[in-house]
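Take a look at the letters that make up each chain.
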Amino acid sequence: MKIATWNVNSIKARLPIVLQWLRDFQPDVLLVQEIKTTRESFPYLEMEDLGYNIAVHGQKSYNGVAIFSKFPLEDILYGIPGEPEETQARYIEAVTHGVRVMSVYVPHGREIRSPYFQYKLDFLQHLKNHVEHQLSFEEKLVLGGDFNVTPSIHDVHGGAQETGKLHCSIPERLALKSLTNMGLIDAVRERHPIGTKSGSALYSWWDYRSGGWQQNKGMRIDMLYLSPQAADCLGEAGIDIQPRSLPKASDHAPVWCELLP
DNA sequence: ATGTCCACATTTTGTGGA
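Bear in mind that the values here come from a model prediction, so they are computed numbers and not experimental data.

Caption draft 1: Region of interest: the packing of aromatic side chains. Within this structure, the stated rule accounts for eight aromatic pairs. Considering the side-chain rings of Phe42 and Phe68, the 6.1 Å spacing of their centres and the 80° angle between planes classify their relative orientation as edge-to-face. With Phe42 in the loop between strand S2 (29–33) and helix H2 (44–49) and Phe68 in strand S4 (residues 65–69), this residue pair connects regions lying 26 residues apart in the sequence. Accessibility expressed as a relative area gives 5% for Phe42, which makes it buried. Grouped by ring-pair contacts, the aromatic residues Trp6, Trp21, Phe25 and Trp256 constitute a single cluster. Positioned above the aromatic ring of Phe25, the side-chain terminus of Lys2 is 4.3 Å from the ring centre.

Encoded structure:
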């Protein structure tokens with residue numbers, strides 16, 4: 001079973017690229033972020049034509065997350081339970097083919113010393129509380145999405161020089177670490193370890209500005225985190241950078257892993 | 001400060017967000 005996560009930066013602007021990638025790569029499950037539209041305006045028909053069942057937690061203009069699966073979607077949660085007056089659509093969860101899958105779009109944070117940054121840290125804490133509860137069932141679980149945090153200095157072009165900046169600050173990395181310390185496995189890092197050729201300069205996002213893509217100045221901020229029960233089934237994992245090279249590309253590339261039967 | 005891309009609206013140019 002192939003599971004992928006992709007921040008598409010508008011599902012409507014990206015429709016041809018996403019459809020082509022689904023046809024080429026054939027993921028069983030795709031966790032989508034930043035659809036930037038409501039459920040009413042979501043292009044269901046095109047996705048359903050490719051054999052996907054769809055669950056959408058949408059929002060006008062901003063954010064918005066979705067789950068595509070070749071298998072039926074059950075136990076769908078729209079938003080994190082108990083979210084504090086959450087109006088932003090940043091989380092959706094479902095069970096499909098015996099795996100609990102979660103698509104999350106962690107807030108950007110804007111600037112370190114801004115209320116938006118604290119909102120980001122609070123969101124990660126709230127996400128942790130929910131994931132901790134779901135992990136207690138000791139089942140296959142995949143938490144995927146755009147975390148807007150680099151896990152370590154090895155996940156950002158510039159390395160240690162970036163430490164302290166947005167996406168690379170100590171509080172952000174501690175908040176992410178506190179989430180993953182519950183026993184989650186970073187699928188791509190597991191298969192492409194730090195210190196190996198395939199594990200270096202491994203990015204999932206490149207700035208549209210300043211030739212980020214052309215110079216491979218990127219960050220790895222999109223991850224697939226696996227529960228121990230899912231990690232036991234991990235096959236290959238990677239980042240498909242091909243769609244980032246296309247005209248009208250998203251600034252993120254799809255991140256994928258394989259769960260063996 | 002800059003760069004680029006997306007959605008939206010007091011829309012053909014500007015604004016907010018990333």
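Having seen the model, we can carry on.
Caption draft 2: The arrangement of the sheet that holds strand S8 (residues 141–146) in detail. Read from one edge of the open sheet, six strands run S5-S6-S7-S8-S12-S9, paired in mixed fashion. Both edges of this open sheet fall to strand S5 (74–78) and strand S9 (185–186), since each of them pairs with a single strand only. Inspection of the sheet shows S5 paired to strand S6 (residues 91–96) by three bridges, in the antiparallel sense. Residue pairing in the sheet places Glu74 in a bridge with Val95 of S6.

Caption draft 3: Structural detail: the protein's contact with DNA strand B. With respect to spatial proximity, 15 residues lie near DNA strand B, and among them Ser10, Arg14, Lys60, Ser61 and Arg209 are the closest. Sugar plus phosphate, as a fraction of atoms of DNA strand B within 4 Å of the protein: 68%. In the model, a phosphate oxygen of DNA strand B is placed 3.0 Å from a nitrogen or oxygen of the Arg14 side chain. Residue Arg209 places a side-chain N or O atom 3.3 Å away from a base oxygen belonging to DNA strand B. For the surface near DNA strand B, the per-class residue count stands at four nonpolar, four polar and seven charged.

Caption draft 4: Broad picture of helix H1 (residues 15–25). What H1 keeps buried is the set Leu15, Ile17, Val18, Leu19, Trp21, Leu22 and Phe25. Packing partners of the buried residues in H1 comprise strand S1 (2–7), S2, H2, S4 and strand S14 (255–259). Following H1 by one or two positions, Gln26 adopts a phi angle in the positive range, close to 55°.

Caption draft 5: Highlighting the environment of Asn63. Along the chain, Asn63 turns up in the loop between strand S3 (53–57) and S4. A relative accessible area of 7% places Asn63 in the buried class. Separated by 27 residues in the primary sequence, Asn63 and Lys36 place their C-alpha atoms 5.2 Å from one another. There is a polar contact of 3.3 Å between the side chain of Asn63 and the side chain of Gln59. Here Arg90 takes part through its side chain, which lies 3.3 Å from a polar atom of the side chain of Asn63.

Caption draft 6: Representation of the pattern of salt bridges in the model. Considering all chains together, one arrives at seven salt bridges under this definition. Among the salt bridges present, the one from Arg189 reaches Asp155, with a minimum N-O distance of 2.6 Å. Separated by 34 residues along the polypeptide, Arg189 in helix H5 (residues 187–191) and Asp155 in the loop between S8 and helix H4 (170–180) bring together distant segments of the chain. Asp155 shares its class with Arg189; the two are buried. Two residues, Asp186 and Arg220, come together in a salt bridge whose shortest N-O distance is 2.8 Å. With Asp186 in strand S9 and Arg220 in the loop between strand S11 (218–219) and strand S12 (222–226), this residue pair connects regions lying 34 residues apart in the sequence. Taken individually, Asp186 and Arg220 each receive the classification buried, so the pair is uniform in this respect. Linked by salt bridges that have partners in common, Asp155, Asp186, Arg189 and Arg220 make up one network.

Each value, and the rule that gives it
Residues numbered from 1 in each chain as written. Chains lettered and ligands numbered in written order. Predicted model: local features only at pLDDT ≥ 70, side-chain atom pairs only at ≥ 80, totals over all residues. Heavy atoms only, no water. Phe/Tyr/Trp six-rings, centres within 6.5 Å; stacked < 30°, edge-to-face > 60°. Helix = DSSP H or I, 4+ residues; strand = E, 2+ residues; numbered from the N terminus. Buried < 20%, exposed > 50% of the residue type's maximum accessible area, 1.4 Å probe, protein only. Lys NZ or Arg CZ within 6 Å of the ring centre and 35° of its normal. Pairing = 2+ DSSP bridges. Near = heavy atom within 4 Å. Polar contact = N/O pair within 3.5 Å; in protein donor to acceptor, adjacent residues only side chain to side chain. Nonpolar A, V, L, I, M, F, W, Y, C, P; charged D, E, K, R; others polar. Contact = heavy atoms within 4.5 Å. Salt bridge = Lys/Arg side-chain N within 4 Å of Asp/Glu carboxyl O.

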